[in-house]
Amino acid sequence: MTLSRKLLYVVVDGMADRPLDELGGLTPLEYADTPSMDRLAKLGLTGLMYTVERGIAPESDVAVLSILGYDPHLYHTGRGVLEAVGAGLEFKDGYLALRCNFATVGGDWELIDRRVGRSLSTEEAAELGKAINEEVKLESHPADFEFKTTIGHRAVLVIKGRGIKLSSKITNTDPAYVKVEGMGVAASKPERRVKRCEPLVDEPEAKASADLVNEFTEKSRRVLEKHPINVRREAEGKLKANVVLARDAGDRLPGLFSLEERYGVKFSCLADMPVEKGIAKLAGMEVVELPPSTGRFKEDYELRVEEALKALEGHDAVYVHLKGPDEPGHDGDARRKAAAIEAVDKLFLTPLLERVSLEEALICVTSDHATPCSLRAHSDDPVPILIAGGDVKPDSVEKFSERECAKGGLGVLERGVELMPKLISMLRGA
Ligand code: ZN
Ligand code: ZN
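The rules we used
- Residues numbered from 1 in each chain as written.
- Chains lettered and ligands numbered in written order.
- Predicted model: local features only at pLDDT ≥ 70, side-chain atom pairs only at ≥ 80, totals over all residues.
- Heavy atoms only, no water.
- 1 Å grid on protein atoms, 1.4 Å probe; cavity = no way out; pocket = protein on both sides within 12 Å on 5 of 7 lines; lining within 4 Å.
- Points joined across faces, edges and corners; volume = space filled by probe spheres on them.
- Phe/Tyr/Trp six-rings, centres within 6.5 Å; stacked < 30°, edge-to-face > 60°.
- Buried < 20%, exposed > 50% of the residue type's maximum accessible area, 1.4 Å probe, protein only.
- Helix = DSSP H or I, 4+ residues; strand = E, 2+ residues; numbered from the N terminus.
- Donors = N, O, S within 2.8 Å, 3.2 Å for Na, K, Ca; no water.
- Tetrahedral: all angles 85-135°; square planar, octahedral: opposite > 155°, others 65-115°.

Caption draft 1: Structural context of empty space enclosed by the protein. Per the stated rule, a full pass over the model turns up 1 cavity of 30 Å³ or more. Space inside the largest cavity adds up to approximately 40 Å³. The wall of the largest cavity is formed by Met-49, Tyr-50, Thr-51, Val-52, Glu-53, Ile-56, Pro-58, His-369, Ser-379, Asp-380, Asp-381 and Val-383.

Caption draft 2: Molecular detail of the packing of aromatic side chains. A full pass over the atoms with the stated rule returns 11 aromatic pairs. Residues Phe-91 and Tyr-95 carry aromatic rings whose centres are separated by 6.0 Å and whose planes lie at 85° to one another, so their mutual orientation is edge-to-face. Here Phe-91 matches Tyr-95 in class, with each residue buried. Judged by centre distance (6.0 Å) and plane angle (25°), the ring pair of Phe-297 and Tyr-301 falls under stacked. Of this pair, Phe-297 and Tyr-301 both sit in helix α11 (residues 297-314), 4 residues apart, which is roughly one turn of that helix. Here Phe-297 falls in the partly exposed class, since its relative accessible area comes to 37%. We classify Tyr-301 as buried; its relative accessible area is 6%. Among the aromatic residues, those joined into a cluster by ring pairs are Tyr-70, Tyr-75, Phe-257 and Tyr-263.

Caption draft 3: Spotlight on the coordination of the zinc ion (ligand 2). Of the protein atoms, only Asp-326 (OD), Asp-326 (OD), His-330 (NE2) and His-378 (NE2) coordinate the zinc ion (ligand 2), at distances of 2.1 to 2.5 Å. Taken together, the 4 donor atoms coordinating the zinc ion (ligand 2) span angles of 55 to 147° at the metal, a pattern that classifies the geometry as irregular. For the zinc ion (ligand 2), the donor residues sit on a single chain with the sequence spacing D-x3-H-x47-H. Separating the zinc ion (ligand 2) from the zinc ion (ligand 1) is a gap of 4.7 Å. Taken as a pair, His-330 in helix α12 (residues 326-330) and His-378 in the loop between β13 (361-366) and β14 (383-389) lie far apart in primary sequence, 48 residues in all. The same class applies to His-330 and to His-378, which are both buried.

Geometry only, nothing functional implied.
As structure tokens, then:
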């Protein structure tokens with residue numbers, strides 16, 4: 001089968017929101033100046049989408065699986081595994097992978113800040129990670145581990161049993177997340193204390209796994225407390241990165257089908273965070289290695305425009321995951337969120353559209369979930385979606401926003417997993 005055109009699939013993390021008094025009753029997306037998204041909405045079809053389904057406020061990993069066509073009820077085996085693969089760690093079924101955060105803890109495991117005030121640099125984290133790998137030895141059960149820092153306060157832990165299989169049926173030490181049917185869900189009233197990892201079932205594998213996680217937590221804390229980086233941070237009046245929180249354990253690969261085999265479409269992926277990169281790798285996409293974002297929008301997006309164009313040349317489809325507005329959503333900062341959305345429009349989409357012909361390319365723009373500023377957390381609200389280019393016939397919607405897209409010709413997609421097959425058939429001009 002030959003494809004007549006290419007697909008550019010752009011997902012803006014946490015972009016969708018709710019109307020806010022402080023923005024005069026507008027959502028950040030409505031408030032932001034987004035001429036390119038509006039132009040695409042005018043040229044194309046729009047709608048709303050529940051990225052997983054009604055009632056699920058998904059974390060990014062669950063949502064991204066879903067909007068790439070993998071039903072998370074079938075394919076989600078724990079964020080830890082996706083993070084580990086994305087960070088380039090070796091992972092096999094029977095290993096234990098956990099998503100980790102450096103955090104700040106006081107006496108008696110009282111949690112002071114679960115992200116070290118977001119002030120830990122990637123370089124500082126890497127130094128701390130090195131010390132943990134060198135100095136911590138696990139002895140409660142025969143096992144080795146690999147701890148890898150990724151971006152800022154974020155890290156991944158893989159524990160490998162020697163002759164024993166490990167189990168993901170354990171609780172999180174990070175109190176901010178609980179597990180619901182194996183999926184990480186934000187806790188409604190998180191306790192301000194590092195939790196002990198407990199087995200969820202009466203099985204030796206789960207008990208051993210919980211023991212190893214607790215041993216890792218205690219021993220790594222000892223290494224961190226006295227580390228020169230933390231001594232210096234304390235002297236400078238900064239929070240110490242003196243504990244590692246772990247969550248979202250996984251013990252097997254998710255067994256994703258290859259997008260290329262399923263649809264005959266060769267995908268490339270541009271993403272910053274290990275979890276999205278992990279999903280892309282496991283889906284058989286070619287993952288473009290990007291330098292860490294500098295936080296300076298202009299530079300970061302210029303590079304991503306060039307890389308997206310390069311990737312489009314060599315592939316049938318490019319999945320671009322842009323992190324921008326999610327973090328200000330978590331901080332409840334509506335104006336900064338609107339500015340992050342404007343930056344995506346002005347510095348990524350606008351220059352890209354100058355160099356991509358809409359005759360030859362189908363463009364989809366959407367979000368993986370809403371991160372309403374009023375909640376400071378993800379919600380199950382549907383997200384706006386647009387599909388433009390190729391043979392797509394426009395509907396009457398002229399602006400890309402939560403409320404305008406509700407009137408769009410795509411209607412409401414009740415399950416995000418429906419989107420990928422739809423995009424593929426539109427790509428084929430069906
Ligand atoms: Zn997300
Ligand atoms: Zn988020």
